[in-house]
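In case you want the letters, here they are:
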Amino acid sequence: MRAVVQNDKNRARVAKPAAGTAALALTAALLAGCGGGSAPGPAAGHGGPARPADPRARQAAEHARLVAAARRWGLDRVPRTPPAPPARKPVITPRDGFEVDGQEEEDLPPVFTTVPTRQKVVFLTIDDGAEKDPAFLRMMSELKIPYTAFLSNYLVKDDYGYFRRMQAEGVTLDNHTLTHPYLPGLSYEEQKDEICGMQTVMKKQFGKAPTVFRPPYGNYNGDTLRAAKSCGIKYAPIWDEEVFVDHWEYRDWDRSLHPGDIVLTHFRGRDDWDGTMVDDMRRFLNKVTAEGYAVARLEDYL
Ligand SMILES: [Zn+2]
């Protein structure tokens, strides 16, 4: 966890706020709920012996800190706090129509787009790894937004350190192949090289081979899941919605978020689209918060 104290140097480097900042919808009630602006001063970080003894004072200080962070990053509202992780993990099965032959008999990793839950949560997943924006890391850390990164080696190998910093913030790094190919066009052995080869890279660079894998473009066949299973993969989540810097795309006809939906976006910046990672996250967070959803950690449900 990050200390509560904000670094002035970091603050000065925060990205330019969006045009909508003036319309910040922080209600009086919300502000009152976090101590009416008279929250205790910078505490000595989480878990240390010097933190305020009164849990309510701590909570108020934490909330005030989040309100300030939401304002600093130009959000319409403070992101909702996710519920505690489920005591019993949901049973994950393949989405209907997304199974392969032998799925059940061979106990292959399920491909799914939504986690079965009634909680109003969505899961943020970010793919590939081309853009390595330090402001994005600060934003997510200051707002305490959990997410999962699916990395493809050819895009991350020039700066593993960026993703190690992400990992140190509690983000899970998962497998998205070595070179991001269209997997169904490859033989079983070639697919295995792509997936298991990335497992080896991740173990070496990040200390751990993941159990979660996402096929590039969401394309796979039976060999993909068989190869993935052979190198320790248990889950193959894809996504139900995709957020871009300027719009959303939906897999389902109803074009809306559902409890447990997995949302995809990409590590992209101005080279790829008309905005930064921070702009993209602002779009994502403003919508999910306005629709009553919190962002939860995918791994807590797997
Ligand atoms: Zn990808």
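Every value quoted in this text rests on a predicted model; they were computed, and no experiment measured them.

Draft legend 1. Structural context of the packing of helix α4 (residues 134–143) against helix α9 (residues 277–290). The interhelical angle for the contact between α4 and α9, taken along N-to-C directions, is 30 degrees, at an axis separation of 8 Å. With respect to α9, the element α4 is oriented roughly parallel. The segment α4 lies against α9, with A135, F136 and M139 engaging M277, V278 and M281. For the contact of α4 with α9, a count of residues per class yields six nonpolar, no polar and no charged.

Draft legend 2. Highlighting helix α8 (residues 222–230). Taken together, the buried positions of α8 are T224, L225, A227 and A228. Down the axis of α8, the sector holding all buried residues measures 160 degrees, keeping them to one side. In this fold, the buried residues of α8 make contact with α7 (188–206) and β5 (236–237). Of the residues one or two after α8, G232 is the one with positive phi, at around 95 degrees.

Draft legend 3. Looking closely at the environment of R95. Tracing the sequence through the fold places R95 in the loop between α3 (55–72) and β1 (111–112). The class for R95 is partly exposed, based on 16 C-beta atoms found within 10 Å. Spatially, the C-alpha atom of R95 lies 6.8 Å from that of T113, the residues being 18 residues apart in sequence. Apart from residues lying up to four places away in sequence, R95 is in contact with V111, F112 and T113.

Draft legend 4. Local environment of the environment of P210. Structurally, P210 can be placed in the loop between α7 and α8. When the C-alpha positions of P210 and G232 are compared, they lie 7.7 Å apart, and in sequence the two are 22 residues distant. When residues no more than four places from it in sequence are discounted, the contact partners of P210 are L173, D174, N175 and M202.

Thresholds, definitions, all that
Residues numbered from 1 in each chain as written. Predicted model: local features only at pLDDT ≥ 70, side-chain atom pairs only at ≥ 80, totals over all residues. Axes fitted to C-alpha atoms, helices over the stretch in contact; angles between N-to-C directions. Helix = DSSP H or I, 4+ residues; strand = E, 2+ residues; numbered from the N terminus. Parallel < 35°, antiparallel > 145°, perpendicular 65-115°, else oblique. Contact = placed C-beta atoms within 7 Å. Nonpolar A, V, L, I, M, F, W, Y, C, P; charged D, E, K, R; others polar. Buried ≥ 20, exposed ≤ 12 C-beta atoms within 10 Å, placed from the backbone. Arc of directions from axis to C-beta.

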